[in-house]
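Chain and residue survey
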Amino acid sequence: MVGDARPSRVRAGGCRGAVGSRTSSRALRPPLPPLSFLFVLFLAAPCAWAAGYKTCPKVKPDMLNVHLVPHTHDDVGWLKTVDQYFYGIYNNIQPAGVQYILDSVISSLLADPTRRFIYVEIAFFSRWWHQQTNETQKVVRDLVRQGRLEFANGGWVMNDEAATHYGAIIDQMTLGLRFLEETFGSDGRPRVAWHIDPFGHSREQASLFAQMGFDGFFFGRLDYQDKRVRKEALQMEQVWRASASLKPPTADLFTSVLPNMYNPPERLCWDMLCADKPFVEDMRSPEYNVKELVDYFLKLATDQGKLYRSKHTVMTMGSDFQYENANSWFKNLDKLIQFVNAQQQANGSRVNVLYSTPACYLWELNKANLSWSVKKDDFFPYADGPHMFWTGYFSSRPALKRYERLSYNFLQVCKQLEALAGPAANVGPYGSGDSAPLNEAMAVLQHHDAVSGTSRQHVADDYARQLSEGWRPCEVLMSNALAHLSGSKEDFAFCRKLNISICPLTQTAERFQVIVYNPLGRKVDWMVRLPVSKHVYLVRDPGGKTVPSDVVTIPSSDSQELLFSALVPALGFSIYSVSQMPNQSPQKSWSRVLVIQNEYLRARFDPDTGLLMELENLEQNLVLPVHQAFYWYNASTGNNLSSQASGAYIFRPNQKNPLFVSRWAQTHVVKASLVQEVHQNFSAWCSQVVRLYPRQRHLELEWTVGPIPVGDGWGKEVISRFDTPLATGGLFYTDSNGREILERRRDYRPTWKLNQTEPVAGNYYPVNSRIYITDGNMQLTVLTDRSQGGSSLRDGSLELMVHRRLLRDDARGVGEPLNKEGSGLWVRGRHLVLLDKTGIAAARHRLQAEMEVLAPQVVLARGGGARYRLEVAPRTQFSGLRRELPPSIHLLTLAHWGPETLLLRLEHQFAVGEDSGRNMSSPVTLDLTNLFSAFTITHLRETTLAANQLLAYASRLQWTTDTGPTPHPSPSRLVSATITLHPMEIRTFLASVRWEEDG
């Protein structure tokens with residue numbers, strides 16, 4: 001994505017002196033040798049060792065070894081769409097064509113056996129690979145086997161770390177690493193994680209990388225204050241202990257901060273996008289510069305080596321979309337190595353330069369047997385200068401962020417039904433169904449310019465298009481599976497616009513069926529809510545019994561919605577039938593009393609302002625004054641302290657205190673047997689419904705914001721803020737990618753003394769699923785339905801940013817303001833508010849967050865369909881499990897993997913110390929034998945987290961830390977189908993299965 005983030009605009013990637021015209025450079029580009037010639041040359045190259053660290057180049061132990069890492073950073077969408085980048089379209093926007101980069105790199109690698117290159121983004125590489133001839137594929141396989149072409153990271157994309165959910169991260173990494181394993185075997189398996197561009201780094205990301213089997217982690221972006229301190233303390237490299245629950249070294253990961261983000265050193269960029277001088281070795285030429293460049297490089301290498309602890313240092317030689325003319329790079333790197341190393345004999349130089357890779361550099365560090373310091377927090381928030389905090393993207397493009405989270409939910413349901421129904425899901429009465437298109441679209445959305453909201457508008461639209469096109473094959477698959485499992489071929493309908501109360505089937509049909517699928521491993525009680533016409537309806541459960549229902553009128557639109565509670569078994573569905581009652585109309589249920597309550601909660605509203613003022617937990621006898629309202633920050637366009645403006649990446653408010661959207665709300669109270677609601681209208685562009693259903697232990701706040709008015713010339717960043725009298729001592733807590741919880745302290749960083757230049761933006765953190773405050777006795781937790789930025793800027797207060805509309809670009813490369821036109825101007829979302837005693841709060845927020853991410857999926861049908869099999873009676877209820885999972889165990893993945901093989905992931909979703917009086921943090925033992933009803937597991941193989949290595953044969957490099965010795969137990973072999981899960985542990989299996997004949 002973006003390069004050197006200085007306000008003075010440079011080309012993405014920070015190439016100094018980059019030229020704008022690609023055509024002028026192209027005329028100087030030498031013709032590359034034909035591939036057939038290079039293939040012959042390749043066969044004559046000396047044979048290399050097998051893949052892994054054995055293929056690494058030799059170093060000189062008594063010298064400073066400079067590892068040159070040729071690489072390209074290819075954003076899977078940013079200024080151009082994925083296809084535009086791959087094919088090299090619209091080079092007037094950005095000169096970039098990934099297919100030409102890979103063509104050129106392969107040719108240049110074949111020209112010299114000492115050259116090396118790393119590639120990262122498998123979304124691009126896999127597309128290129130499938131377009132190659134068998135001959136070219138064989139050549140590339142040999143390059144990979146010899147370690148000359150090496151893959152780093154290996155995910156489908158280089159995912160964002162702030163706005164991503166851990167389940168989606170695992171899925172996209174699994175997709176990319178599976179391609180590499182199936183294409184190249186262990187030769188193509190990446191040894192290191194490589195996140196050179198994401199804008200801050202989460203602790204959970206490091207934990208996941210460690211569990212995937214990576215030996216090390218390299219990244220480029222580090223807070224400017226943190227980097228200064230680390231350089232002085234020689235702590236640019238250390239061991240990251242990325243979990244407070246998993247026993248070391250399970251989540252330990254050696255982490256290295258690259259010296260120059262991910263760009264080449266100044267004056268040493270030899271890409272056709274750059275304008276640095278190449279080597280001129282002809283001493284008769286007035287442009288001769290060998291001595292000058294060599295002397296410059298020797299000083300550069302020596303100075304850089306002083307910032308690191310070993311006799312090795314690394315230089316990244318490449319940047320955004322570089323190496324389209326790889327010969328230009330490699331020709332000058334060849335000369336750099338030749339001329340610098342010649343100084344060893346000529347002048348006694350102690351610097352040795354070599355082509356290398358991040359893995360080979362890591363291997364030398366490991367062999368150095370040094371003791372490393374340990375880091376236990378994360379790298380958020382990231383700032384690249386005073387007043388320049390990259391905390392805006394936590395909330396940018398909230399509609400896309402919600403669509404991504406909704407698509408994750410839909411994809412998991414799709415994958416589960418594909419696994420439960422077996423081959424019948426892929427080919428059936430509704431056509432060919434496939435989960436792969438949505439799986440790939442979701443993987444693309446994890447890219448650090450996609451779900452982050454930091455791409456250009458037309459690219460964001462294309463991301464949404466990819467998701468939308470991925471849904472359709474899943475709808476076909478789910479229709480096939482539901483028909484197979486229910487025994488009835490219905491005309492299934494998927495209403496994608498339920499969030500705005502639009503569903504043609506339910507609004508026009510006199511009778512219809514509601515199929516509710518539950519992707520969780522335990523039964524749920526779910527309130528179904530559907531738009532209907534002005535009638536009263538009769539609802540029957542799967543057994544034919546009438547269940548309570550309500551039709552409520554929406555005050556703002558005078559439209560109606562049907563409500564009923566659905567009981568749905570674990571990993572299964574229930575089918576409810578709905579029919580109109582003739583000659584009856586729903587009764588409006590208004591009330592003037594500004595109190596709503598059920599058996600567990602009571603919420604009071606100020607009669608003068610209409611704002612929420614008190615929340616009471618009736619079950620736990622807790623009462624807390626809570627004032628909730630919407631505010632907006634005036635987005636900075638720069639001032640006398642800094643020219644920095646708020647933009648897609650950067651959050652910079654003009655002043656510390658936000659402004660009220662409104663100090664009061666116009667209210668309507670709706671009270672029916674199945675729901676109580678307070679409808680609040682704050683302004684023409686901001687409203688909210690505060691809602692309580694029966695048996696619900698949380699308060700639901702459904703907010704609608706937009707279009708944010710900007711006619712006054714002010715960009716606005718809108719927040720929902722909760723103010724309480726809780727004495728929180730400057731502390732608040734946020735989740736890390738939806739898993740472990742991290743403590744945050746206002747105006748503080750755990751590993752260095754912070755000079756706070758932005759008291760608002762500098763205290764914002766990513767909130768993927770929850771944020772809470774506590775006084776040690778009482779805890780107020782807010783769950784989100786998408787990733788947002790959040791903070792606690794004063795004791796007893798917490799806030800979440802729900803929407804942003806900005807009129808200035810923040811000079812980080814996008815080149816357009818965050819000022820979307822069209823449907824994205826309106827955003828609707830939900831906050832779930834929980835009030836609990838601190839000791840039991842984890843049980844509430846953990847289980848509710850699980851249900852929020854994997855909510856039941858509603859599918860509709862008119863009813864009366866034909867039998868799927870004449871000899872099998874239809875069924876109206878189904879569970880894919882013979883017994884429910886314990887509440888602390890989450891079925892993370894159930895997906896088709898191959899013929900008669902499924903991918904299965906089970907996780908313990910509680911951390912150490914979150915017992916909540918119910919032993920939630922205790923280890924849990926499960927017997928997988930006969931656990932599933934739709935199939936029988938005949939064989940289990942345990943793998944690493946991304947399913948690309950058998951766990952019994954996986955090994956990682958061991959590191960010595962200054963905290964003392966760390967035991968390194970050998971992986972235990974799976975001897976039975978009985979497994980134990982410890983707090984925050986995820987276990988991954990490839991299961992051979994046999995499907996039951998009756999589904």
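Residues numbered from 1 in each chain as written. Predicted model: local features only at pLDDT ≥ 70, side-chain atom pairs only at ≥ 80, totals over all residues. Heavy atoms only, no water.

You'll find the protein entered in an unreviewed UniProt entry as Alpha-mannosidase, with Muntiacus muntjak given as the organism. Under the UniProt heading Catalytic activity (unreviewed entry), the entry covering the protein gives this text: "Hydrolysis of terminal, non-reducing alpha-D-mannose residues in alpha-D-mannosides." Taken from UniProt, the Sequence similarities (unreviewed entry) comment for the protein reads in full: "Belongs to the glycosyl hydrolase 38 family." (UniProt positions renumbered as here; feature names shortened; annotations may be inferred.)

**Focus: the overall build of the protein**
The number of helices and strands found in the protein is 17 helices and 51 strands. Referenced to the eigenvectors of the C-alpha coordinate spread, the extents of the protein come out at roughly 100 × 70 × 55 Å. For the protein, restricting intrachain contacts to residue pairs at least 6 apart in sequence, the fraction spanning at least 24 positions comes to 76%. Side chains of the protein give 106 positive and 99 negative charges; the mean places of these two sets differ by 1 Å. (Helix = DSSP H or I, 4+ residues; strand = E, 2+ residues; numbered from the N terminus. Contact = heavy atoms within 4.5 Å. Lys, Arg positive; Asp, Glu negative; His and termini not counted. Charge placed at Lys NZ, Arg CZ, Asp CG, Glu CD.)

**Describing the sheet that holds strand β5 (residues 216-219)**
Ordered by their spatial adjacency, five strands build an open sheet running β4-β5-β7-β6-β11, and the pairing between neighbours is mixed. The sheet is open, and its two edges are formed by β4 (192-195) and β11 (374-375), each paired on a single side. Of the pairings in the sheet, the one linking β4 to β5 comprises four bridges and is parallel in character. Residue pairing across strands places Val-192 opposite Gly-216, the latter belonging to β5. Sheet strands touched by helix α8 (residues 203-211): β4, β5, β6 (237-241) and β7 (252-257). Its angle to β7, the strand with the most contacts, is close to 115°. (Pairing = 2+ DSSP bridges. Axes fitted to C-alpha atoms, helices over the stretch in contact; angles between N-to-C directions.)

**Re the domain arrangement of the protein**
On domain assignment, one finds that the protein holds domain 1 (57-370), domain 2 (396-585 + 856-867), domain 3 (590-630 + 665-712 + 720-805) and domain 4 (881-995). Relative placement of domain 1 and domain 3: their C-alpha centres are 43 Å apart. The interface is formed by 20 residues belonging to domain 1 together with 16 residues belonging to domain 3. Summing the contributions of domain 1 and of domain 3, the shared interface buries around 1,400 Å²; its carbon and sulfur component is 45%. On the domain 1 side of the interface with domain 3, the three residues burying the most area are Arg-203, Glu-204 and Gln-225, jointly 37% of the side's total. Residue Arg-203 pairs with Glu-740 through a salt bridge whose shortest N-O separation is 3.2 Å. Taken together, the connections running from domain 1 to domain 3 amount to 13 residue pairs in polar contact (both at pLDDT 80 or more). Where the side of domain 1 that touches domain 3 is concerned, the elements lending two or more residues are α7 (166-184), α8 and α9 (224-233). At five residues, the largest contribution of residues to the side of domain 1 that touches domain 3 is made by α9. In terms of residue class, the side of domain 1 that touches domain 3 is built from seven nonpolar, seven polar and six charged. (Domains from an automatic or database assignment. Buried area = accessible area lost by both parts, 1.4 Å probe. Salt bridge = Lys/Arg side-chain N within 4 Å of Asp/Glu carboxyl O. Polar contact = N/O pair within 3.5 Å; in protein donor to acceptor, adjacent residues only side chain to side chain. Nonpolar A, V, L, I, M, F, W, Y, C, P; charged D, E, K, R; others polar.)

**Concerning the confidence of the model for the protein**
Across the protein, the average pLDDT comes to 93, with 94% of residues at 70 or higher. For residues 2-51, every residue scores under 50 in pLDDT, and the model assigns this stretch 124 contacts once sequence neighbours within four places are set aside. (pLDDT = per-residue confidence, 0-100.)

**A look at the nonpolar core**
Within the largest apolar cluster, 250 residues are counted, with the highest numbers of intra-cluster contacts made by Phe-125, Phe-297 and Val-514. If you tally residues by element for this core, the top one is helix α15 (residues 457-486), at 12 residues. Ranked by size, the runner-up nonpolar core spans 27 residues in total, among them Tyr-631, Trp-703, Val-718 and Met-801. (Core = buried A, V, L, I, M, F, W, Y, C linked by side-chain atoms within 4.5 Å. Buried < 20%, exposed > 50% of the residue type's maximum accessible area, 1.4 Å probe, protein only.)

**Quick notes on the sheet that holds strand β26 (residues 622-625)**
Taken in spatial order, the four strands line up as β23-β24-β25-β26 in an open sheet, and their pairing is antiparallel. Only two strands of the sheet have a single partner each, and these edge strands are β23 (595-597) and β26. The mean angle between the axes of side-by-side strands here comes to 15°, regardless of whether they run parallel or antiparallel. Two elements, β23 and strand β24 (residues 601-605), share three bridges in a ladder whose sense is antiparallel. The residue of β24 that forms the bridge with Ile-596 is Ala-603.

**Re the state of the cysteines**
As enumerated under the stated definition, the model contains four disulfides in all. Across the disulfide, Cys-495 is cross-linked to Cys-503 (sulfur-sulfur distance 1.9 Å). Here Cys-495 and Cys-503 share a disulfide; its torsion about the S-S bond, 55°, makes the bridge right-handed. Note on accessibility: Cys-495 and Cys-503 belong to one class, buried. When the cysteines of the protein that form disulfides are numbered from the N-terminus onward, they connect as 1-4, 2-3, 5-6, 7-8. (Disulfide = S-S within 2.5 Å.)

**Structural notes on the environment of Arg-602**
Mapped onto the elements of the fold, Arg-602 is located in strand β24. Residue classification places Arg-602 among the buried residues on the basis of a relative accessible area of 18%. For Arg-602 and Leu-618, which are 16 residues apart along the polypeptide, the C-alpha to C-alpha distance reads 7.1 Å. What Arg-602 contacts, discounting residues up to four positions off in sequence, is Val-595, Ile-596, Gln-597, Glu-614, Leu-615, Glu-616 and Leu-618. A distance of 2.7 Å separates the side chain of Arg-602 from the side chain of Gln-597, its partner in a polar contact.

**Here we look at the UniProt feature "domain: Glycoside hydrolase family 38 central" (unreviewed entry) in the protein**
Per the UniProt record, "domain: Glycoside hydrolase family 38 central" (unreviewed entry) is found at residues 388-467. With 56% helix and 5% strand, residues 388-467 has end C-alpha atoms that lie 32 Å from one another.

**A short note on a nonpolar patch on the surface**
Taken together, the side chains of Tyr-87, Ile-89 and Tyr-90 define a hydrophobic patch exposed on the protein surface, amounting to about 280 Å² of accessible area. Along the chain, the position of Tyr-90 falls in the loop between α3 (82-87) and α4 (98-111). (Patch = residues over 30% accessible without salt bridge, like charges linked within 9 Å, V, L, I, M, F, W, Y side chains within 5 Å. Areas by Shrake-Rupley, 256 points an atom, 1.4 Å probe, with all protein chains shown as cover.)

**Observations regarding the environment of Leu-567**
For Leu-567, the position within the fold is in strand β20 (residues 560-568). Classification of Leu-567 by relative accessible area gives exposed; the value is 51%. Separated by 49 residues in sequence, Leu-567 and Asn-518 place their C-alpha atoms 9.4 Å apart. If near-sequence neighbours (up to four positions away) are discounted, Leu-567 is found in contact with Val-524, Asp-525, Ser-574, Tyr-576 and Gln-877.

**Examining the pairing of strand β38 (residues 778-784)**
Within β38, seven of the seven residues are buried, which leaves it mostly tucked inside the rest of the structure. Burial along β38 is two-sided: Met-778, Leu-780, Val-782 and Thr-784 and Gln-779, Thr-781 and Leu-783, pointing in opposite directions, are all buried. Pairing between strand β37 (residues 770-774) and β38: five bridges, direction antiparallel. Paired with Ile-773 across the bridge in β38 is Leu-780. Turn length for the β37-β38 hairpin, with the two strands adjacent in sequence and antiparallel, is three residues, and the turn residue Gly-776 shows positive phi of about 95°. In this sheet, strand β41 (residues 827-837) lies alongside β38 in antiparallel orientation, the contact comprising seven bridges. Looking at β41, one finds that Leu-780 is bridged to Leu-835.

**A word on the side chain of Arg-846**
When you line up the elements, Arg-846 lands in helix α17 (residues 841-853). Those residues in contact with Arg-846 that sit more than four places away from it in its chain are Gly-738, Arg-739, Glu-740, Ile-741, Arg-770, Gln-909, Phe-910, Ala-911, Glu-914 and Met-984.

**Section: the environment of Ser-559**
Counting through the fold element by element, Ser-559 comes out in the loop between β19 (549-553) and β20. Taking the relative accessible area as the measure of exposure, Ser-559 reaches 27% and is therefore partly exposed. Taking the C-alpha atoms as reference points, Ser-559 and Ser-533, 26 residues apart in sequence, are found 7.6 Å from one another. Among all residues touching Ser-559, those that are not within four sequence positions of it are Val-552, Thr-553 and Ile-554.

**Re unusual backbone geometry**
In the segment running from Phe-380 into Pro-381, the intervening peptide bond is cis, with an omega of -10°. When you line up the elements, Pro-381 lands in the loop between β11 and α13 (398-421). For the peptide bond that leads from Gly-706 to Pro-707, omega is -10°, which places it in the cis range. Position of Pro-707 among the secondary structure elements: in the loop between β32 (699-705) and β33 (716-723). The phi dihedral of Asn-621 falls on the positive side, at around 60°, and the residue is not glycine.

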